[in-house]
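The lines below spell out each chain.
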Amino acid sequence: MDEMITILKLLADRTRLTILTLLKDGERCVCDLVDILQTTQPNISQHLRKLKDSGLVQESRRGQWAYYSLSVDNKSYVQAVMSEVTLPDNILENMKKKCTSNDCCN
């Protein structure tokens, strides 16, 4: 139960919940998350560290870039929460801009 409480507290943060929702569609590099969420790299990195430490995301490195993917297969209560979450309109708009600009670290 303690692990569940800790993880649900992590999900109570808007930025972390948004990051997890973005990762539902597949892995993303930090630069993508910075652009989409329109925040700083240190801010995103702090949130990702907490999510990684809790086991909700996995990190893989390719060259100089770190990529993150969702890792909630063994946490049905997180999957249930994630199935109910939709991205805010401003985040969806930022994603559209990102996709059309071809400005990515990939």
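Residues numbered from 1 in each chain as written. Predicted model: local features only at pLDDT ≥ 70, side-chain atom pairs only at ≥ 80, totals over all residues. Heavy atoms only, no water.

Per an unreviewed UniProt entry, the recorded name for the protein is ArsR family transcriptional regulator, and the organism is Fontibacillus solani.

The subject of this paragraph is the overall build of the protein. Secondary structure assignment for the protein yields six helices and three strands. For the protein, the α and β elements follow one another from N to C terminus as α-α-β-α-α-β-β-α-α. Burial analysis of the protein (106 residues in total) assigns 41% to the buried set. Look at the contacts in the protein between residues 6 or more apart in sequence, and 60% of them connect residues 24 or more apart. (Helix = DSSP H or I, 4+ residues; strand = E, 2+ residues; numbered from the N terminus. Buried < 20%, exposed > 50% of the residue type's maximum accessible area, 1.4 Å probe, protein only. Contact = heavy atoms within 4.5 Å.)

Take the sheet that holds strand β1 (residues 28–29) next. Pairing within the open sheet is antiparallel, and its three strands lie in the order β1-β3-β2. At either margin of the open sheet sits one strand with a lone partner, and together these are β1 and β2 (57–62). The sheet contact formed by β2 and strand β3 (residues 65–70) spans six bridges and is antiparallel. The residue of β3 that forms the bridge with E59 is Y68. (Pairing = 2+ DSSP bridges.)

We now examine the nonpolar core. Core analysis: the largest hydrophobic core is formed by 28 residues, its most contacted members being I19, L22, I44, L56 and V78. Mapped onto this core, the elements with two or more residues apiece are α1 (2–11), α2 (14–23), α3 (30–37), α4 (41–53), β3, α5 (76–84) and α6 (89–101). (Core = buried A, V, L, I, M, F, W, Y, C linked by side-chain atoms within 4.5 Å.)

When pLDDT is averaged across the protein, the result is 86; 86% of the residues are at 70 or more. At the low end of the mean pLDDT range in the protein sits α6, at 65; at the high end sits α4, at 95. (pLDDT = per-residue confidence, 0-100.)

Inspection of the sheet shows β1 paired to β3 by two bridges, in the antiparallel sense. For C29, the partnering residue across the bridge sits in β3 and is Y67.

With that settled, consider the pattern of salt bridges. Summed over the entire model, instances satisfying the criterion amount to five salt bridges. Residue K75 is joined to E3 by a salt bridge in which the shortest nitrogen-to-oxygen separation is 4.0 Å. Here K75 is found in the loop between β3 and α5, whereas its partner E3 is found in helix α1, with 72 residues between them in sequence. Linking E59 and K52 is a salt bridge whose minimum nitrogen-to-oxygen distance equals 3.0 Å. With a relative accessible area of 38%, K52 lands in the partly exposed category. Connected via shared salt-bridge partners are K52, E59 and R61. (Salt bridge = Lys/Arg side-chain N within 4 Å of Asp/Glu carboxyl O.)

Listed in full, the buried residues belonging to α1 are I7, L10 and L11. Looking straight down α1, one finds that the buried residues subtend no more than 100° of arc, so they occupy a single side. Across from the buried face of α1, at angles greater than 90 degrees, the exposed residues are D2 and K9. Along its buried surface, α1 packs onto α2, α4 and α5. (Arc of directions from axis to C-beta.)

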